[in-house]
Amino acid sequence: MKAPLLTGGAPKEVLLAKLPKIKRSMVEQAEVLAVEMERGIKEAFSIAITGLFGVGLWIIVVAFVITWFIPALPFGEARPVEGKSLKKQAAGEQAGDTAHHSFQVSGRKQMS
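Residues numbered from 1 in each chain as written. Predicted model: local features only at pLDDT ≥ 70, side-chain atom pairs only at ≥ 80, totals over all residues. Heavy atoms only, no water.

Participant: I tried to follow the overall build of the protein chain on my own but got confused; where do I start?
Facilitator: Summing up its helical and strand segments, the protein chain has 3 helices and 0 strands in all. In sequence order, the secondary structure elements of the protein chain are arranged as α-α-α. When the accessible surface of the protein chain is split by element, carbon and sulfur atoms take 69% of a total near 11000 Å². (Helix = DSSP H or I, 4+ residues; strand = E, 2+ residues; numbered from the N terminus. Areas by Shrake-Rupley, 256 points an atom, 1.4 Å probe, with all protein chains shown as cover.)

Listed below in structure tokens is the structure:
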């Protein structure tokens, strides 16, 4: 009794005759939908990538401008660190290196 409600009261033969037409219609709609979805996805990605490169370009420009305000340190000049001259600091490091090497050779572990 429920079958006539679902089929609109049409006989089974009429419904079976309409099935191939319905299937063709669904395949056509699926193809159109697939093309529309593909176009939409491509458009969405192109908009996103364009925005990403636009923002990235401005970040690069700002970073480049900021680098102009960073003072350059010449490679040939040495500056004292915390009031010590570099010669005194180097002498202290060499003494520390020697002690460190002898400490490692002795085999003892450093305790912190």
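What follows picks up the thread again.
Participant: Help me understand the pattern of salt bridges, please; the structure alone is not making it clear to me.
Facilitator: Once the charged atoms of two side chains with opposite charge are near each other, the side chains can pair. Applying the stated criterion across every chain, the model contains 1 salt bridge. Of the charged contacts, one joins Lys 42 and Glu 38 as a salt bridge, the two residues approaching to 3.2 Å between their closest N and O atoms. With Lys 42 and Glu 38 both in helix α2 (residues 12–67), this residue pair falls 4 residues apart, about one helical turn. (Salt bridge = Lys/Arg side-chain N within 4 Å of Asp/Glu carboxyl O.)

Participant: Even after reading the chapter, I still don't get the packing of aromatic side chains, so can you show me in this structure?
Facilitator: Aromatic rings considered in pairs are described by the distance between their centres and by the relative angle of their planes. This model, assessed by the stated rule, comprises 1 aromatic pair. With a centroid separation of 5.9 Å and an interplanar angle of 85 degrees, the aromatic rings of Phe 64 and Trp 68 are classed as edge-to-face. According to the relative accessible area criterion, Trp 68 is exposed, its value standing at 64%. (Phe/Tyr/Trp six-rings, centres within 6.5 Å; stacked < 30°, edge-to-face > 60°. Buried < 20%, exposed > 50% of the residue type's maximum accessible area, 1.4 Å probe, protein only.)

Participant: Help me out: how do you make sense of α2 in this one?
Facilitator: Each turn of an α-helix holds 3.6 residues, which means side chains three or four residues apart point in the same direction. Compared with the 82 Å implied by 1.5 Å per residue over 56 residues, the 80 Å span of α2 between its first and last C-alpha is a close match. Taken as a whole, α2 carries its principal kink of about 30 degrees at Leu 19; the proline Pro 20 stands between one and four residues after it. (Expected span 1.5 Å × (residues − 1). Bend = angle between axes of the 7 residues up to and from the residue.)

Participant: Where do I start with the confidence of the model for the protein chain in this structure?
Facilitator: Atomic detail in the predicted coordinates should be set aside for any region of low pLDDT. Mean pLDDT for the protein chain: 77, with 60% of residues reaching 70 or above. Here helix α1 (residues 2–7) is the element of the protein chain with the lowest mean pLDDT, 53, and α2 is the one with the highest, 94. Scored below 50 in pLDDT, residues 99–106 shows 3 contacts in the model against residues more than four places distant or in partner chains. (pLDDT = per-residue confidence, 0-100. Contact = heavy atoms within 4.5 Å.)

Participant: What is the right way to read a nonpolar patch on the surface from this model?
Facilitator: Taken together, the side chains of Leu 57, Trp 58, Val 61, Phe 64, Val 65, Trp 68 and Phe 69 define a hydrophobic patch exposed on the protein surface, amounting to about 870 Å² of accessible area. Examined against the element boundaries, Trp 68 turns out to sit in the loop between α2 and α3 (86–106). (Patch = residues over 30% accessible without salt bridge, like charges linked within 9 Å, V, L, I, M, F, W, Y side chains within 5 Å.)

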